[in-house]
Amino acid sequence: MEKKTLFQEDFLEEEEEELLSYKLPKDSELPPVIREVVTNAPKDFKIPSFIACLAPLCCLAGRIQVKYYYDSYRPSALLLQVIIVGEQSSGKSFARFIEETIIGPTLRARDLEQRRKEQEYREMKRAAAKTKKIPEEPKTTIRQVPVTISKTQLVKRTDYLMRVLGGNLPFWMFSEELSAMVDAGKQGFSNLRTIVRTAFDKGSLFGIDFASENSYSALVDIWLCAMYCSTPSALDEYMDRKAIEGGNVSRIILCELEQKPGSTGIFFKPYTPEQQKIIDETLKRMMDDTYAPDGSLMPEKILELEWLNQLARKWCGKKAEESARSGSKAIEAFYKRSSVSAFRATALCYYLYDGDPDAEKRCRQIYLFLVDYIYKGLMKKWGGRYEYLVANRTEEMMENPIRRVPIFKILPKEFTKEMLRDGIKNQRLNTPASVFISQWKYKRWIKEIGKNLFKKLK
């Protein structure tokens, strides 16, 4: 079993070994498009390539709906948000090639004609005499939007989808630099943090209502699939305290790239003619399942996945018990949406398998891999920070917050785990005792001299 990181020790010590052992199916057993991409990826980039395929393919599956057990009051759309993070020159650009493979010949090609209509209208409007009557602005259905888009323009594009097509579809947002979104967010009109949260779920409305006739007002249901590449510093700047507490972090799939010292550039094998044919045919099928020949929307298709819901309920039940035993607020906050994202991604794979007799078996394996991968990534990156923020917010809300004394300082030279728990309770902390013990061991402040008995070294 792989060596656990600090936060994995803190929060995952109760994890069952059989879940930890789950891996993705073999390359040849993955669904089409994903199979071709992952097969041609170098060894260290196979899992990142799998993750990078999910959000753009979910965006193409805009008419596919699923019934997730914990959202039983309405079907869910396949909406995913992915962040690929790595140091400079760590190979994050691989995501652009995958995005181009999936989005280039589909949404981007379709949007090109729509954007030309808008540009021609703007040129005609500028050139027309003030007294000349110009035709009505074209109502386009553009779905690929930049991270710098304003809230007003995004609301307008969403409303046009409903007015022109009579239904909703996900927007696609991709950026090779998350810092561009951070910079845009410094301008209030382009701060999309709230929209990014509401756009994760079907039925969450966002609206603007201006008195000016030159603006655009509407109440819309924005759907968004997104993938961003980021350095660790840009990610930390984007996921600030409000984003961590507000739920932006729990809605993403975090994919961290490891850069080994002395590693050379990465090389993806080019697709063979047979592979390219499979990719082209699959993407065409997805577009045909979205748009009818006349450009209207195809009917929504609901996937019946009760067998997957049973698996999700079992995994969530184990995490709920773990949260109750440990008192960890981070586990409670992160496991639920980890399952949501894994469920949607697995539903995408089931749709892509298109009747493969082994689809259910492989999708069970994919779900267990993904839910564990997503959950661990969130806990490792933000678990400790979330616990800290919750604990401090709780104290800030008290009328008479206590004067904190470092918990390490109040303990005797030798102490038991129960004594530590009493100290945590007296200090009004939310962090479990196991977190402190793991951190102090890691810093070599203590050593274990007996069962649940520890001695200070510092």
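A. Region of the structure containing helix α11 (residues 273-288). Between its first and last C-alpha atoms α11 spans 22 Å; for 16 residues at 1.5 Å apiece the expected length is 22 Å, and the two agree. Taken residue by residue, α11 has Gln-275, Ile-279, Thr-282, Leu-283, Met-286 and Met-287 as its buried positions. Down the axis of α11, the smallest arc covering the buried residues is 135 degrees, so these residues share one side. Facing away from the buried side of α11 by more than 90 degrees, the exposed set consists of Pro-273, Glu-274, Lys-277 and Lys-284.

B. Structural detail: the sheet that holds strand β9 (residues 301-303). Strand order in the open sheet formed by three strands is β2-β1-β9, with mixed pairing between adjacent strands. Of all the strands in the sheet, just β2 (76-77) and β9 have a single pairing partner and so form its edges. Pairing between strand β1 (residues 64-66) and β9: three bridges, direction parallel. The residue of β9 that forms the bridge with Gln-65 is Ile-302.

C. Expanded view of the packing of aromatic side chains. Taken as a whole, this structure holds 16 aromatic pairs when the rule is applied. Ring geometry for Tyr-160 and Tyr-216: centres 6.0 Å apart, planes at 80 degrees, overall edge-to-face. A residue pair is termed long-range when its members are at least 10 positions apart, and Tyr-160 in helix α6 (residues 151-165) and Tyr-216 in the loop between β5 (205-208) and β6 (218-221) qualify at 56 residues. Both residues of the pair, Tyr-160 and Tyr-216, belong to the buried class.

D. View of the sheet that holds strand β11 (residues 446-450). In space, the three strands of this open sheet follow the order β10-β12-β11, with antiparallel pairing throughout. Each edge of the open sheet is held by one strand with a lone partner, namely β10 (414-416) and β11. Put simply, the sheet's adjacent strands are angled 35 degrees from each other on average, direction ignored. Sheet topology places β10 next to strand β12 (residues 453-456); three bridges connect them, and they run antiparallel. What sits directly across from Phe-415, in β12, is Phe-454. Where helix α16 (residues 417-426) meets the sheet, it contacts β10 and β12, and its direction lies at approximately 80 degrees from that of β10. Where helix α17 (residues 433-442) meets the sheet, it contacts β10, β11 and β12, and its direction lies at approximately 115 degrees from that of β11.

What counts and what doesn't
Positions within a chain are numbered from 1, following the residues in the order the chain's sequence is written. For this predicted model, a pLDDT threshold of at least 70 governs which residues receive local features, and a threshold of 80 or more governs which side-chain atom pairs are given and counted, while totals over whole chains, interfaces and linings are taken from all residues. Hydrogens and water are ignored here; the side-chain numbers use all heavy atoms of the structure. Under the scheme used here, helices are H or I runs from DSSP no shorter than 4 residues and strands are E runs no shorter than 2 residues, and both carry numbers assigned from the N terminus. By this rule the span expected of a helix is its residue count minus one, scaled by 1.5 Å. Whether a residue is buried, partly exposed or exposed follows from its accessible area with a 1.4 Å probe, protein chains only, as a fraction of its type maximum: under 20%, in between, or over 50%, in that order. Think of it as the arc spanned by the lines of direction from the helix axis to the C-beta atoms. Strands qualify as paired when DSSP identifies two bridges or more between them. Put simply, two rings from Phe, Tyr or Trp (the six-membered ring, in Trp's case) pair if the centres are within 6.5 Å, and we call them stacked under 30 degrees between planes, edge-to-face over 60, tilted for the rest. Each axis is a line fitted through C-alpha atoms, and for a helix only the stretch in contact is used; angles between axes span 0 to 180 degrees, taken between their N-to-C directions. The contact definition used throughout considers only heavy atoms, calling two residues in contact when any of these lie within 4.5 Å.

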